[in-house]
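Fold and geometry: a report
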Amino acid sequence: MNFSRPPVLIVGAGPAGLVAALTLLQNGIPVRIIDKDPNPRIGQRGAGIWSRSFELFNFLNVPEVYDLAKPFPEIHSYKTGTLEYATEYLVPHLEPTPSIPFHAANSLGQQLLDVILRRHLEKFSCSVEMGTELRSVEQSDEGVTAILAKNDILETFYTKWVIGADGAKGVTRKQLGLTFLGETRDNIRMVMGDIRLKAPGLDRAYWHRFGNFKRGISLRPTDEIGEDGWQFSIFDHDLDVTKVAQSEEMIFKIISSYVHTEITFNKLVWVSEWKANIRMVNKLSEGRGFVVGDAAHIHSPAGGQGLNAAIQDAFNLGWKLALVEKGLADKSLLETYNSERLPVISEMLEMTTTILSQQIEGNKFTVPQRPILSMLGINCRFSSIVLDEFAIPGKPVNAYDVLDEKNLEAGDRAPDAPNMLHVGRGGSGVKTLFSLYRPWYHTVLVFAPSHADAIPIFGALGTYDTSVVRSAVVLPSSASVTSVTSPVDFVLVDQEGHAYSAYLMEAGQMKVFAIRPDGVVGAIVHGAEGVKRYFSKIFLDA
């Protein structure tokens, strides 16, 4: 096979496909990304972005996502036939903390999110090929043969790997022979979309909901559509949603029937029908093919987990595939994409289905949102490639869990810490731990009472390629160091004790943390031998 072409084909250019592409490109792996639609997608769609996803965008160096996202407004829930309302909150407001800098769920429409991510792909001279669809996939030991079609002209494309990010109705999953088992609840349907309208009686500072979950409407203001833009949902379990979705006139009429104030309709921007599908694949890969996001799992929008889970799928897969493609890791590393993510998805589907059931039983739009939805507690403590020399073995593990900041084990999300004074080679100024974490290398943190105490670790670290392993010594606030010559990349003084607190370090203690490219704690070990043991799980000949 001729592999002068990009070694990875990504099918589908929604957030999951774009994140997969950007992660691989930042790792130095060329990609080809295609989408069957002739034009970029429009529509807010699932707009909720949770804390963990903001962290991943931070690691990808895409700050615009957090900068442009807006807090969810207070909800005004109206009594039927009136403009009298009760105030509700979709998510509680939480202030950032030293270990959790993005401590909120904010909204950013997928149309704008896609634009942001495409711009970052362009920095790598990569653009999405629109109007190009996958017809079939054949695999061999050497690679993948994909038949593509554009304007009814067929192309045979040889590549090494294929990633299906083409949604629930996509071709890739079917071509890989993966099942998509679950249920369809035909009695739970809605019409959703974006609309431009003016209603002087509706304050754009609030999210407005009329009626109830069985029969009602929702209007959330969003300037991303326009100064008169709203994301709308129409709930009516007895409604012919297909007929309504095809009729601008019917949509205007239904909204007018609920909103008892003057409305001037400008434009229906985008509309789609939705019905409750709760499904997931039996596995996330087959041979050289993988699925991410909606191609692998779909569920209720309750809890706003879908977009976020899709991004996290792509990020988990991306760094592993990059190491294998570079020849630095064995293909078996890719099996951990399935073993780490499938339990998360399974448990997440149970949670979102529970929330949906609560909405149905209580006939309410809003049910109390749970801390688990931040996704900060998602972990892979059970993974074959994590190593913890301090954890108590045999404890039960929930992959999709609530964050417990009083416990930190290998497989958990790595916390942040601000105001770290850089005193190492060429160093000056202040850093955060998150500023060190990037998707193309591991970061080894050596917590030590003094720089001298960390020296035995340096020999072990020196054996690894600095393009894929970087290191930092983290000294306590009591360390009287202004400048030090060191072979490690960073020597940091934890001026305010935030790192020692977040990583549960005690005075005088020494520990080594290996932070994976996806911001997960890969290892917590005593010293050099533990470092070697961990990297032997990741790298060839380590």
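Structure: above.
Below or above, wherever it landed, is the structure these notes cover. Every value quoted in this text rests on a predicted model; they were computed, and no experiment measured them. (Residues numbered from 1 in each chain as written. Predicted model: local features only at pLDDT ≥ 70, side-chain atom pairs only at ≥ 80, totals over all residues. Heavy atoms only, no water.)

1. Observations regarding the packing of aromatic side chains
Test applied: Side-chain rings of Phe, Tyr and Trp (the six-membered ring for Trp) are treated as a pair once their centres are within 6.5 Å; stacked means planes under 30 degrees apart, edge-to-face means over 60, and tilted covers the remaining angles. A run of DSSP states H or I qualifies as a helix once it reaches four residues; a run of E qualifies as a strand once it reaches two. Both are numbered from the N-terminal end. Working definition: with a 1.4 Å probe on protein chains only, accessible area under 20% of the residue-type maximum means buried, over 50% means exposed, and in between means partly exposed. For a lysine, the NZ atom is tested; for an arginine, the CZ atom; a charge sits over a ring if that atom is within 6 Å of the ring centre and within 35 degrees of the ring normal.
This model, assessed by the stated rule, comprises 22 aromatic pairs. Taken together, a centroid distance of 5.0 Å and an interplanar angle of 80° make the contact between F59 and F434 edge-to-face. Placement of F59 in helix α2 (residues 51–59) and of F434 in the loop between β23 (430–431) and β24 (442–447) is noted, with a sequence separation of 375 residues between them. Each member of the pair, F59 as well as F434, is classed as buried. Residues F447 and F513 carry aromatic rings whose centres are separated by 5.3 Å and whose planes lie at 70° to one another, so their mutual orientation is edge-to-face. Note that F447 is positioned in strand β24 and F513 in strand β27 (residues 511–515), a separation of 66 residues in sequence. Of the two residues, F447 and F513, neither departs from the other in class, the shared state being buried. Positioned over the ring face of W230 is R204, at 5.1 Å from the centre of the ring. Stacked on the ring of F390, the Lys or Arg K511 has its end atom at 4.4 Å from the ring centre.

2. What about the layout of surface pockets?
How we decide: Cavities and pockets are defined on a 1 Å grid built over the protein atoms alone: a cavity is a set of grid points where a 1.4 Å probe fits but cannot escape, while a pocket is an open set with protein on both sides within 12 Å along at least five of seven lines, and lining residues are those with an atom within 4 Å of any such point. Grid points are joined across faces, edges and corners, and a volume is the space filled by probe spheres set on the points. Three classes are used: nonpolar for Ala, Val, Leu, Ile, Met, Phe, Trp, Tyr, Cys and Pro, charged for Asp, Glu, Lys and Arg, and polar for all others, with Gly counted as polar.
The computed volume of the second largest pocket comes to approximately 330 Å³. Forming the boundary of the second largest pocket are 22 residues, of which L403, D404, E405, N407 and L408 lie nearest the centre. Here the lining of the second largest pocket is built from residues that sort into nine nonpolar, seven polar and six charged.

3. Some points on the sheet that holds strand β18 (residues 285–286)
Quick note on the threshold: Two strands form a pair only when DSSP identifies at least two bridges running between them. The criterion used for residue contact is that any of the two residues' heavy atoms lie within 4.5 Å. For helices, the axis comes from a line fit to the C-alpha atoms of the stretch in contact; other axes are also lines fit to C-alpha atoms, and the angle between any two N-to-C directions lies between 0 and 180 degrees.
As summarised here, the arrangement of the six strands in space is β8-β2-β1-β12-β19-β18, forming an open sheet in which the pairing is mixed. The sheet is open, and its two borders are formed by β8 (129–130) and β18, each paired with just one other strand. Two strands pair when backbone bridges link them, and β18 and strand β19 (residues 289–291) are joined in this way by two bridges, in the antiparallel orientation. By the bridge assignment, E286 is partnered in β19 with G289. Packed on one face of the sheet, helix α1 (residues 15–26) meets β1 (8–11), β2 (31–35) and β12 (161–164) and runs near 170° to β2.

4. Quick notes on empty space enclosed by the protein
Counted under the stated rule, the structure contains two cavities of 30 Å³ or more. Of all the secondary-structure elements, those providing two or more residues to the lining of the largest cavity are α2, α8 (306–325) and α9 (335–362). In terms of residue class, the lining of the largest cavity is made up of seven nonpolar, four polar and seven charged. Reported here for the second largest cavity is a volume of approximately 40 Å³. Considered class by class, the residues forming the lining of the second largest cavity number eight nonpolar, two polar and no charged.

5. Some points on α8
Rules: Helices are assigned an expected span. That span is 1.5 Å times one less than the residue count.
Given a rise of 1.5 Å per residue, 20 residues ought to cover 28 Å, and the 28 Å separating the end C-alpha atoms of α8 matches this to within 8%. Burial within α8 is extensive, with 20 of its 20 residues counted as buried. At the C-terminal side of α8, G327 shows a positive phi close to 80°.

6. A look at the nonpolar core
Test applied: We define the nonpolar core as a collection of buried residues of types Ala, Val, Leu, Ile, Met, Phe, Trp, Tyr and Cys that are connected through side-chain atoms lying within 4.5 Å of one another.
Counting residues in each nonpolar core, the largest one holds 144 residues, and the members touching the most others are I163, L433, Y437, L445, Y503 and F513. Top contributing element to this core by residue count: α8, with 12 residues. Residues contacting L445, with those up to four places away along its chain left out, are L433, L436, Y437, A472, V474, Y503, K511, V512, F513 and I515.

7. Here's the deal with the pairing of β24
Taking burial as the measure, the six residues of β24 include six buried ones, the bulk of the element. Side chains H442, V444 and V446 of β24 all project onto a buried face; the interleaved residues T443, L445 and F447 project onto the opposite face, where all are buried too. Of the pairings in the sheet, the one linking β24 to strand β25 (residues 469–475) comprises six bridges and is parallel in character. When the sheet's bridge partners are listed, L445 is paired in β25 with A472.

8. Quick word on the pattern of salt bridges
Rule in force here: The rule for a salt bridge is simple: a side-chain nitrogen of Lys or Arg has to be within 4 Å of a carboxyl oxygen of Asp or Glu.
Within this structure, the stated rule accounts for 26 salt bridges. Residues R185 and E183 are paired through a salt bridge, measuring 3.4 Å at the closest nitrogen-oxygen approach. Assessed through its relative accessible area of 19%, R185 is described here as buried. For E183, a relative accessible area of 34% corresponds to the partly exposed category. We note a salt bridge from R215 to D238, for which the minimum N-O separation is 2.8 Å. On the criterion of sequence distance, the pair formed by R215 in strand β15 (residues 215–221) and D238 in the loop between β16 (229–236) and α6 (241–245) is long-range, its members being 23 residues apart. Of the residues examined, R215 reaches a relative accessible area of 39% and is grouped as partly exposed.

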